[in-house]
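# Structural description and commentary
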Amino acid sequence: MWEYDPVFFSRTLTGLTLAFHIIYATIGVGVPLMIAIAQWIGIKKNDEHYILLARRWTRGFVITVAVGVVTGTAIGLQLSLLWPNFMELAGHVISLPLFMETFAFFFEAIFLGIYLYTWDRFENQKKHMLLLIPVAIGASFSAFFITMVNSFMNTPQGFDIVNGALVNVDPIAAMFNPATPTKVAHVLTTAYMTSAFILASIAAFHLLKGRNHIYHKKSLYLMMKVGLIFSIATVIVGDFSGKFLAEYQPEKLAAAEWHFETEEKAPLKMFGWLDDDGEVQGAIEIPFALSILAHSDPTSEVIGLNEFPEDERPPLIVHYFFDIMVSIGVWLTLISLLYWFAIGQGWRFVQKKFFNFLLVLTGPLAIIAIEMGWFYAEFGRQPWILRGFMKTPEGATTAGYVDTMLLLFVGLYIVLGTASVIVLRKMFKKNPVEKELADHARERGEW
Amino acid sequence: MDLAIVGISVLWLFLFGYIIIASIDFGAGFFSAYSELAHTKHILHHIIQRYLSPVWEVTNVFLVFFFVGIVGFFPSTAFYYGTALLVPVSISIILLAIRGSYYAFQTYGAKDSKVYIFLYGLAGLLIPASLSIVLTISEGGFVEMVNDAPKLMYGELFFSPLTWSIVMLSVVSVLYISATFLTAYADVAKDDKARGLLRKYALAWSGPTILSAGLIIMQLQQHNAEHFQNIMDIWWVFALSFVFFIVTVVLLWVKKYYSLAFWSLIIQFALAFFGYGASHYPYLLYPYLTIYDGFTNDAMATALIIAFIAGFALLIPSLFLLARLFLFNKRYVRGEKRRY
Ligand code: HDD
Ligand code: HEM
Ligand code: HEM
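Residues numbered from 1 in each chain as written. Chains lettered and ligands numbered in written order. Predicted model: local features only at pLDDT ≥ 70, side-chain atom pairs only at ≥ 80, totals over all residues. Heavy atoms only, no water.

## Here we look at the packing of helix H8 (residues 214-248) of chain A against helix H9 (residues 250-257) of chain A
All names here are of chain A.
- Two numbers describe how H8 lies on H9: the axes approach to 5 Å, and their chain directions differ by 120°. Contacts between H8 and H9 pair Gly242, Leu245, Ala246, Glu247 and Tyr248 from the former with Pro250, Lys252 and Leu253 from the latter.
- A breakdown of the residues in the contact of H8 with H9 according to their chemical character gives 5 nonpolar, 1 polar and 2 charged. (Axes fitted to C-alpha atoms, helices over the stretch in contact; angles between N-to-C directions. Helix = DSSP H or I, 4+ residues; strand = E, 2+ residues; numbered from the N terminus. Contact = heavy atoms within 4.5 Å. Nonpolar A, V, L, I, M, F, W, Y, C, P; charged D, E, K, R; others polar.)

The structure is reproduced here in structure tokens:
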């Protein structure tokens, strides 16, 4: 017989909402920065192509923000609805950054509203651009604060439990827990990187379709440059994240690496599978690499998974999540590096169709990497919801109908996902760049 | 003053802000969908586009502020309300999602979808109805403890007259608040047709609003005598609120001073809302949870209040700027183009 298990459904629904929200949230964090960069270059060079880039990105951004806001509202409420016991405990210690996040939302929402509806109300473009700064700051700060909450779940501190009662609460210590620096830095750099590659993909797509307008080329050049900078930053911060894990959450790193025995000079195993005896087969082995990732020293010792009690080991599937994320990160860094090197050298092959096709793939790949990274971070924390203090089933709701709610939300996300894609496509199809440029020229009386 | 009172007052204030601006938004959505059917769309459409589109996200943040804040100041509410409210609040989320996406989607592309406009209008009435369930539950008698976990008694809730009076009040007051605001807005916009139509709506919904409010107080006598007694102890607050109700209706009636009528409505609702809140004190959920046993520790409370003051200092000038640009800027309201 099939038994109703609210814990399972709560986990699935939380994971689903977050996996959906994160796509729009990432765009929400990164794209305002890209718009600001384009508008700034446009003003500085007095080049209307960049201004138009900023304008068109902004229009698309309205749609993604709307979905980000509604899914964010959903996850915000679901944290209390699905994890009431966890939120009751965590609320005592970590509600400060959640609360501050709402101010970041306010700030962002207010200035975004003003920015969107005042394109033609400012004589001076620079003044209008200034409105974007609070939008970008608000978005990045909301990522900053929410990631602090997630860090706290991984390395809780700032309180003591004496005889079952919570004492000595220190909200600041809880916010700046050991996971905060690497997590926040990684989340922010990956958001900027992903947004840059998504916008680059769009430009590459138009070029691939044979629309050779200089506008698309400018967009591609710019976004590949920004993408390169942030992907290098991402890989560096990712390396620091590995070192953080080795010190504070060694079981998560060990599970990702299928590293069972504690040993020195540990190799990094990519992909492969586990045979019936639990031996790793068919993996690509990079000697010493795990020791380097964990401690920057090829001979250092890395703690293995067998050191941990069996019921406190994360699921082994996180190995694939980790590998896919890292592979994509390395690939995106290499391809943007190659692109820029080839442009500098005047090599023609980067203009070829096949290379353009590779560039179209960068955006979707970056999104996959984001998803894989979060799946790794969240599954890798299991079985804990609050590491060392509360296991996931203890935090979950006991209410009925979580399964029905899951179905309801699956429906909602399907509708929102498809509607946002359809609306975005329609919006840009109806109003292609060439037409808009011509309209602007006519307005100024150049025709 | 003790911190628990400071906390609940701040949250109640923001909830009031949400109720007013969301009511305007919800009601306008309903009127616009209705006008689609009644072929008066051209009259209302512009006003909604000009006033509501720039601010809907800000409206939503007021709600987010409230539910994040209440879990921050009173973590036990997550336990009681979180468990009990899974189904009603999930439904509200879905309705909020339909509305939220509407502004973005319809501005580009989905413009002509009648189904969407209809859903959007309907959601505007269903959201207040479903969110008002929270107030009903807080009166007690709908949650029981089973194995130390709160369970919502769906049957009792569904068949209680109190539930339906509160639902009714939430729906009709949304329409009343919204129509009164939009009348004043149309007046500033010098849109006489819209003003005439909206004024009729406002007057039509004023009666049902006051009736359903009276009905709720009567039913509380049966349902929660303690709360009823507290209301009676400060009866003058509600009486004063009633006076302002009369003022609003008279001002609307004489077709003058529309803005004043709206401010008088704000005072009417503020008095009733804070009177209700004060009489509910100290319970967050009858009879299980008061603001004192649900309160967070002192360190967190202090930190939250400091964060609130800092955030508020940032917020007020920004909100002021927003209002100046879109609400109180007569030229914008009239739809004139202007360059700065
Ligand atoms: C475009 C997305 C992207 C890319 C290319 C990478 N990552 Fe990542 N990674 C994330 C997106 C991400 C993320 C979604 O942002 C995560 C999830 C949780 C977090 O803190 O960041 C993450 C988590 C995460 C963690 C777990 C941190 C924790 O649980 O505390 C580690 C160890 C790494 N990453 C390491 C790397 C390395 C060594 C990369 C090298 C190429 C890399 N990541 C590329
Ligand atoms: C935004 C990107 C995120 C994604 C894609 C994501 C994904 C997931 C997934 C897949 C699960 C289910 C794990 C399992 O059942 O094994 C989960 C659980 C959870 N996550 Fe995240 N997560 C994200 C960020 C966050 C953040 C920032 C927080 C905290 C504020 C958070 C809080 C939780 C909670 C409370 C659970 C349920 C308890 C648990 O299973 O551990 N998540 N998430
Ligand atoms: C790392 C993961 C996350 C990032 C980077 C992120 C970022 C964002 C961004 C940029 C927005 C749009 C805000 C706006 O435009 O106003 C947003 C909306 C929102 N997010 Fe997330 N978020 C994440 C995870 C979460 C989680 C776990 C929660 C739950 C506590 C959450 C709660 C919300 C809420 C309530 C909103 C709606 C705010 C509004 O009404 O404006 N987010 N998020």
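## Here's the deal with unusual backbone geometry
- For the bond running from A:Gln382 to A:Pro383, omega is 5°, close enough to zero to count as cis.
- The phi dihedral of A:Asn46 is positive, around 55°, even though this residue is not glycine.
- Of note, A:Asn46 is situated in the loop between helix H1 (6-45) and helix H2 (48-82).
- With a phi close to 55°, B:Lys255 is a non-glycine residue in the positive phi region.
- Within the element layout of this structure, B:Lys255 appears in the loop between helix H11 (235-253) and helix H12 (258-280).
- By relative accessible area, B:Lys255 is classed as exposed at 51%. (Buried < 20%, exposed > 50% of the residue type's maximum accessible area, 1.4 Å probe, protein only.)

## A few points about the confidence of the model for chain B
- When pLDDT is averaged along chain B, the result is 82; 90% of the residues meet or exceed 70.
- Taken over the whole predicted complex, pTM reads 0.88, whereas the ipTM for its chain interfaces reads 0.84. (pLDDT = per-residue confidence, 0-100.)

## What about the side chain of A:Thr182?
All names here are of chain A.
- You can see Thr182 is positioned in helix H7 (residues 180-208).
- Accessibility expressed as a relative area gives 13% for Thr182, which makes it buried.
- A polar contact of 3.4 Å, which involves the side chain of Thr182, links it to the backbone oxygen of Ala179.
- When near neighbours in sequence (up to four residues on either side) are disregarded, Thr182 contacts Val237, Phe240, Ser241 and Phe244. (Polar contact = N/O pair within 3.5 Å; in protein donor to acceptor, adjacent residues only side chain to side chain.)

## Considering H7(A)
- Between its terminal C-alpha atoms H7(A) stretches 41 Å, which fits the 42 Å expected from 29 residues at 1.5 Å a residue.
- Looking one or two residues past H7(A), A:Gly210 carries a phi angle of roughly 90°, positive in sign. (Expected span 1.5 Å × (residues − 1).)

## With respect to the domain arrangement of chain A
Residues and elements named next belong to chain A.
- In terms of domains, chain A is made up of domain 1 (28-177 + 399-447) and domain 2 (192-398).
- Averaged C-alpha coordinates put domain 1 and domain 2 at centres separated by 23 Å.
- At the junction of the two partners, domain 1 supplies 37 residues and domain 2 supplies 33 residues.
- When domain 1 packs against domain 2, the two sides together hide about 3000 Å² of surface, and 71% of this comes from carbon and sulfur. (Domains from an automatic or database assignment. Buried area = accessible area lost by both parts, 1.4 Å probe.)

## Structural notes on the coordination of the iron atom of ligand 3
- Among all protein atoms, only A:His21 (NE2) binds the iron atom of ligand 3, sitting 2.1 Å from it.
- Looking at where A:His21 falls in the secondary structure, it is placed in helix H1. (Donors = N, O, S within 2.8 Å, 3.2 Å for Na, K, Ca; no water.)

## Observations regarding the pairing of strand E2 (residues 149-152) of chain B
Residues and elements named next belong to chain B.
- As paired strands, strand E1 (residues 143-146) and E2 are joined by 4 bridges and run antiparallel to one another. Paired with Met145 across the strands is Pro150, a residue of E2.
- A loop of 2 residues connects E1 with E2, the two strands running antiparallel in sequence, and Asn147 in this loop sits at a positive phi of about 50°. (Pairing = 2+ DSSP bridges.)

## Some details on the site of ligand 2
Residue and element names in this part refer to chain A.
- Near ligand 2 you find 20 residues, and of these Arg11, Leu18, Glu378, Arg381 and Gln382 are the closest.
- The separation between an oxygen atom of ligand 2 and a polar side-chain atom of Arg381 is 2.7 Å.
- Secondary structure elements with two or more residues in the shell around ligand 2: H1, helix H5 (132-154), helix H12 (353-379) and strand E9 (384-386).
- Per-element tally for the shell around ligand 2: the top contributor is H1, with 6 residues.
- Here the residues of the shell around ligand 2 are counted per class, giving 12 nonpolar, 5 polar and 3 charged.
- No fewer than three residues from each of domain 1 (28-177 + 399-447) and domain 2 (192-398) sit in the shell around ligand 2. (Near = heavy atom within 4 Å.)

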